[in-house]
Amino acid sequence: MSDLPRNPVARTARLASLPLGIAGRTALGLGKRLGGKPAEIVLSEAQRRTAEQLFKVLGELKGGAMKFGQALSIFEAALPEELAAPYRATLTKLQDSAPPMPAKTVHRVLTEELGANWRRRLRHFDDKPAAAASIGQVHRAQWTDGRDVAVKIQYPGAAEALRSDLNQIGRLSRLFTAWMPGLEIKPLVAELKERIGEELDYSLEAEAQEGFAKAFDGDPEIAVPHVRLHTSRVLVTDWLDGTPLSAVIADGTQEERDRAGLLLVRFLFSGPARAGLLHADPHPGNFRITPDGRLGVLDYGLVARLPDGFPPQIGRLLRIGLDGDSERVLEGLRAEGFIKPHIEIDAQDLHDYLKPFTEPAREPTFRFNREWMRTQFQRITDVRGSSAKTAFKLNLPPSYALIHRVWSGGIGVLAQLGAEAPFRAELERWLPGFVDDDRPELPEKSTSGEALG
């Protein structure tokens, strides 16, 4: 492909082929079962083929289609095992790879953005991409001072593809819901659409990344690559070696999983206090474990700017909830706009609904796992239960949208890791209002380590 397929009719047809393909395979499977083939074999074949089609369609279309797939990959731990298992490897693959665009297209974009002499600054440019994601792909090169750099190049047509795909996925949400029962597609798509402009402008991403890089410079646990050059469609940063978090999820030891989970929480919750920024795209493709054991963090296209840190109301309400005062939690959420004035909610039902957010903070250590995640997900999506009815009554204020995304997405990744760690201590350290002192203590700078890259 020279760039992203741009024809909206063609893209819609490809996206529609996913749920329609499932329906066709279901009918074919019924025929095979009637013909005497064991039901479990037929089901396994259908799910394997669906997973293959998922990666092929979402990966090749890139754009909003792949962004949607990456968002889904965070929540696969919440799905019933019989549904999740066939898709797990495919969704994980979407987190950090996709079919690449050809070298001639890459060179054309670099010439347009950096000028005809771009090779003077980007020496030994590798035409084979190191990673290809939803709206851009990354190549390895060498900077003028000899250091290795990552060159992120936006796909031609990315803007049109993002908007077209997310519009079409919204229209097809009922079909996708049939494919992944219990997952609300429309709110997910709406949130992705709201952030299109931010993710397309690499200048904004460069500003955010360098803000994080300066705040975490020399940190012994977190590695953020510095920015060397940027335009609106090209971003050059220091190269970051490491093991993808998806590989730790798949094959890591329990010790490696626990350590990765702890560092992930520490990075996400310390960002607002240290940099005034919240990394708001916590899917595994954006994280690496570096050779020296740090958590390397990539992709800053989606961030929340919180110059005053986390709103202290979050920590205070969490503490009140842990103390069992559900009536005060109800009052606090109403004051923050989570509950409209005319809506009535039972305080105990609200307390039960919030368990996925409060349980991990109740004990000194907590183990996340897929079974716990599935139990919580099934409870809050069971339309016959009180939690699902409570969910329909809640409102998400725009100022909290990205914070909610990070919190819920982070829980999904921790469940994939099966991590156990002292997460409560991280909340006490970084979440204003959770303890009496609202001022998080900053870690000491490393005197021996150097910034990576």
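Going by the structure above, here's the rest.
On a predicted model such as this, the values are computed, not experimentally measured, just so you know. Going along each chain's sequence as written, the residues are numbered from 1 onward. Only residues with pLDDT of 70 or above have their local features reported here, since the model is predicted, and side-chain atom pairs are shown and tallied only from 80 upward, although totals for entire chains, interfaces and linings are computed over all residues. Side-chain descriptors were evaluated using all non-hydrogen atoms of the structure, hydrogens and water having been removed beforehand.

Draft legend 1. Spotlight on unusual backbone geometry. Phi angles above zero are rare outside glycine, and His124 is one such case at about 50°. The secondary structure listing takes helices from DSSP runs of H or I that are at least 4 residues long and strands from runs of E that are at least 2 residues long, numbered from the N terminus. Here His124 shows up in the loop between helix H5 (103-114) and strand E1 (131-132). When accessible area is computed with a 1.4 Å probe and restricted to protein chains, residues below 20% of their type maximum are described as buried, those above 50% as exposed, and intermediate ones as partly exposed. Exposure remark for His124: the relative accessible area of 65% places this residue in the exposed category. Although it is not a glycine, Asp299 adopts a positive phi angle of roughly 60°. Residue placement: Asp299 occurs in the loop between strand E10 (295-297) and strand E11 (303-305).

Draft legend 2. Highlighting the sheet that holds strand E6 (residues 234-238). Strand pairing is assigned whenever DSSP detects at least two bridges linking the two strands. Here we have five strands laid out as an open sheet, ordered E1-E2-E3-E6-E5, and antiparallel in their pairing. Two strands in the sheet have a free side with no partner beyond their single neighbour: E1 and strand E5 (227-230). As judged from the two bridges shared by E1 and strand E2 (residues 136-142), these two strands associate in the antiparallel manner. What sits directly across from Ala131, in E2, is Val138. Here, residues are in contact when the closest pair of their heavy atoms is within 4.5 Å. Angles here are taken between N-to-C directions and fall from 0 to 180 degrees, while the axes themselves are lines fitted to C-alpha atoms, restricted in helices to the stretch in contact. The strands touched by H5 are E2, strand E3 (148-154), E5 and E6; relative to E3, the strand with the most contacts, the crossing angle is about 95°. Across the sheet, helix H10 (residues 202-215) touches E2, E3, E5 and E6, and the angle it forms with E6 is around 20°.

Draft legend 3. Representation of helix H20 (residues 423-430) in the model. What H20 keeps buried is the set Phe423, Arg424, Glu426, Leu427 and Trp430. The buried residues of H20 occupy one face: seen down the axis, they fall within an arc of 160°. Picture the helix axis, draw a direction to every C-beta atom, and the arc is the one those directions span.

Draft legend 4. Just the sheet that holds strand E9 (residues 287-289), in detail. Strand order in this open sheet of four strands is E4-E10-E9-E7, and the pairing throughout is mixed. Among the strands making up the open sheet, the edge pair consists of strand E4 (222-223) and strand E7 (243-244). As judged from the three bridges shared by E9 and E10, these two strands associate in the antiparallel manner. Within E10, the position partnered with Arg288 by the bridge is Gly296. Along the sheet face, helix H12 (residues 254-275) touches E4, E9 and E10 and points at about 45° away from the line of E10.

Draft legend 5. Molecular detail of the packing of aromatic side chains. Put simply, two rings from Phe, Tyr or Trp (the six-membered ring, in Trp's case) pair if the centres are within 6.5 Å, and we call them stacked under 30 degrees between planes, edge-to-face over 60, tilted for the rest. Under the counting rule described, the total for this entry stands at 13 aromatic pairs. Ring centres of Phe212 and Tyr300 lie 5.2 Å apart, and the angle between their planes is 40°; on these two criteria the pair is classed as tilted. Of this pair, Phe212 sits in helix H10 while Tyr300 is found in the loop between E10 and E11, placing the two residues 88 residues apart along the sequence. Taking relative accessible area as the criterion, Phe212 reaches 0% and is therefore assigned buried. Take Tyr300: its relative accessible area is 1%, and that puts it in the buried class. Through successive ring pairs, a cluster of aromatic residues spans Phe212, Phe216, Phe267 and Tyr300. Two limits define a charge over a ring: the Lys NZ or Arg CZ must be within 6 Å of the ring centre, and within 35 degrees of the ring normal. The ring of Phe434 has Arg319 sitting right over it, with the charged end atom 4.5 Å from the ring centre.

Draft legend 6. Quick look at the nonpolar core. Only buried residues count toward a nonpolar core, which is a set of Ala, Val, Leu, Ile, Met, Phe, Trp, Tyr and Cys residues joined through side-chain atoms within 4.5 Å. By size, the foremost hydrophobic cluster in this structure holds 68 residues, and its most contacted members are Phe267, Phe269 and Leu431. At nine residues, the largest contribution of residues to this core is made by helix H19 (residues 401-417). Not counting the four nearest positions on each side in its chain, Phe269 is found in contact with Phe310, Trp407, Leu427, Trp430 and Leu431.

Draft legend 7. Spotlight on the packing of H10 against H12. Their axes nearest at 10 Å, the elements H10 and H12 cross at an angle of 90°. If you check the angle between H10 and H12, you find them roughly perpendicular. Residue-level contacts link Gly211, Phe212 and Ala215 of H10 to Phe267, Gly271, Arg274 and Ala275 of H12. Three classes are used: nonpolar for Ala, Val, Leu, Ile, Met, Phe, Trp, Tyr, Cys and Pro, charged for Asp, Glu, Lys and Arg, and polar for all others, with Gly counted as polar. Taken together, the residues that form the contact of H10 with H12 break down as four nonpolar, two polar and one charged. Here roughly perpendicular refers to angles of 65 to 115 degrees, roughly parallel to angles under 35, roughly antiparallel to angles over 145, and oblique to all remaining angles.

Draft legend 8. Examining H10 more closely. Take the residue count of a helix, subtract one, and multiply by 1.5 Å to get its expected span. Its 14 residues place the ends of H10 20 Å apart at the C-alpha level, agreeing with the 20 Å of an ideal helix rising 1.5 Å per residue. Those residues of H10 that fall on the buried side of the exposure criterion are Tyr202, Glu205, Ala206, Ala208, Gln209, Glu210, Phe212, Ala213 and Ala215. Between the side-chain oxygen at the start of H10 and the backbone nitrogen of Ser203 there is a gap of 2.9 Å, and the oxygen is on Asp201. As used in this structure description, the phrase polar contact means that two N or O atoms lie within 3.5 Å; if the pair is within protein, one of them must be able to donate a hydrogen and the other to accept it, and residues adjacent in sequence are counted only when both atoms belong to side chains.

Draft legend 9. Spatial organisation of the pairing of E6. In terms of burial, E6 is a largely internal element, five of the five residues being buried. Bridge analysis of E5 against E6 gives three bridges, and the strand direction is antiparallel. Looking across to E6, one finds that Val227 is bridged to Thr237. If you look at the hairpin formed by E5 and E6, you'll find three residues sitting between the two strands.

Draft legend 10. Broad picture of the side chain of Asp219. On the secondary structure map, Asp219 appears in the loop between H10 and E4. Of the residues examined, Asp219 reaches a relative accessible area of 6% and is grouped as buried. A distance of 2.9 Å separates a polar atom in the side chain of Asp219 from the backbone nitrogen of Ile222. Within the local environment of Asp219, its side chain forms a polar contact with the side chain of Arg274, the two groups lying 2.9 Å apart.

Draft legend 11. Local environment of the environment of Tyr400. Along the polypeptide, Tyr400 turns up in the loop between helix H18 (386-393) and H19. A residue is classified by how much of its surface remains accessible, and Tyr400, at 7% relative accessible area, is buried. As a C-alpha pair, Tyr400 and Phe338 span 62 residues in sequence and 9.3 Å in three-dimensional space. Other than its neighbours up to four places away in sequence, Tyr400 contacts Pro311, Gln313, Ile314, Glu336 and Phe338. For Tyr400, the side chain forms a polar contact with the side chain of Glu336, separated by 2.6 Å.

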